[in-house]
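Secondary and tertiary structure notes
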Amino acid sequence: MFQQTIVRVRAGSRTDRGGNTVPDWAPDKVSRITVARVSVQPATQTESNDVARSQIVTGWQVISAPGVDADIRAADRIEWDGMTLEVVGEVGRYLEFTNGSTHHIEFVMHRATG
C-alpha cells in the first residue's frame, strides 16, 4: 500500500520592493526532499463554471507508512505523477501512544486547472 514516492518542494525567500520577506519559487531557490513509503489516493474533484472560465479542482489524500515522518508544511508544494500540487491545510501527525513519536502523517494536496 505504501509504495509511492513524492517530492516536497519548499520555497526559498527573497526581499520584495517594500522590504518584505516573501516566498521565492525560482528553481534555484527552492529546496526538495524525496519522501518514500506513502500512499496517494484520490480524494475530491469539483468543477465550477462561470462566463469567463471553467475550473476543475482535483484532490488527493496522502498517508505515510507507519514510522514515516516528513518535514512537510501547509505552504509547501508536492511533485507527484508529473504534477506540481499544493498542500491544503496543516499536515496531520498521528502519534505513537507508547512513546509519543510520530506513527504516520496524513495530508491533502490539490491541483486547480482552468
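Summary of the structure given here. Each chain carries its own residue numbering, running from 1 in the written order of its sequence. The predicted nature of this model means local features are confined to residues of pLDDT at least 70 and side-chain atom pairs, given and counted, to a pLDDT of 80 or more, with totals for whole chains, interfaces and linings taken over all residues. Side-chain numbers come from the whole structure's heavy atoms, not from hydrogens or water.

**So, the overall build of the chain**
Working definition: helices are DSSP H or I runs of at least four residues, strands are E runs of at least two. Numbering for both runs from the N terminus. Counting its secondary structure elements, the chain contains zero helices and eight strands. In terms of its C-alpha atoms, the chain occupies a principal-axis envelope of roughly 50 × 40 × 25 Å. Working definition: with a 1.4 Å probe on protein chains only, accessible area under 20% of the residue-type maximum means buried, over 50% means exposed, and in between means partly exposed. Each of the 114 residues in the chain was classed as buried or not, and the buried ones make up 28%. In the chain, the share of contacts with a sequence separation of at least 24, taken over all contacts with a separation of at least 6, comes to 56%. Just so you know, the count uses Lys and Arg for positive and Asp and Glu for negative, and it drops His and the chain ends. Where a charge lies is defined by one atom per residue type: Lys uses NZ, Arg uses CZ, Asp uses CG and Glu uses CD. Charge-centre separation for the chain: the mean point of 12 positive side chains lies 6 Å from the mean point of 14 negative side chains. A contact between two residues is defined here by any heavy atoms of the two lying within 4.5 Å.

**Quick word on the packing of aromatic side chains**
Pairing of aromatic side chains requires ring centres within 6.5 Å, counting the rings of Phe and Tyr and the six-membered ring of Trp. Pairs whose planes differ by under 30 degrees are stacked, by over 60 edge-to-face, and all others tilted. What the rule picks out here adds up to one aromatic pair. An angle of 65° between the planes, with centres 5.6 Å apart, marks the rings of Trp-60 and Trp-80 as edge-to-face. With Trp-60 in strand β5 (residues 54–64) and Trp-80 in strand β6 (residues 77–80), the pair connects residues that are 20 residues apart, well separated along the chain. On the accessibility criterion, Trp-60 (12% relative accessible area) is buried. Judged by its relative accessible area of 13%, Trp-80 is buried. We count a charge as sitting over a ring when the NZ of a lysine or the CZ of an arginine lies within 6 Å of the ring centre and within 35 degrees of the ring normal. The ring of Trp-25 is capped by Arg-77, whose NZ or CZ atom sits 3.7 Å from the centre of that ring.

**What about the pattern of salt bridges?**
Here a salt bridge means any side-chain nitrogen of Lys or Arg lying within 4 Å of a carboxyl oxygen belonging to Asp or Glu. Applying the stated criterion to the full structure yields seven salt bridges. Salt-bridge contacts for Arg-8 lead to Asp-71; the nearest nitrogen and oxygen are separated by 3.8 Å. With Arg-8 in strand β1 (residues 4–10) and Asp-71 in the loop between β5 and β6, the pair connects residues that are 63 residues apart, well separated along the chain. By relative accessible area, Asp-71 is classed as partly exposed at 37%. With a shortest N-O distance of 2.9 Å, Asp-76 and Arg-10 are connected by a salt bridge. Of this pair, Asp-76 sits in the loop between β5 and β6 while Arg-10 sits in strand β1; the two residues are 66 residues apart in sequence, bridging distant segments of the chain.

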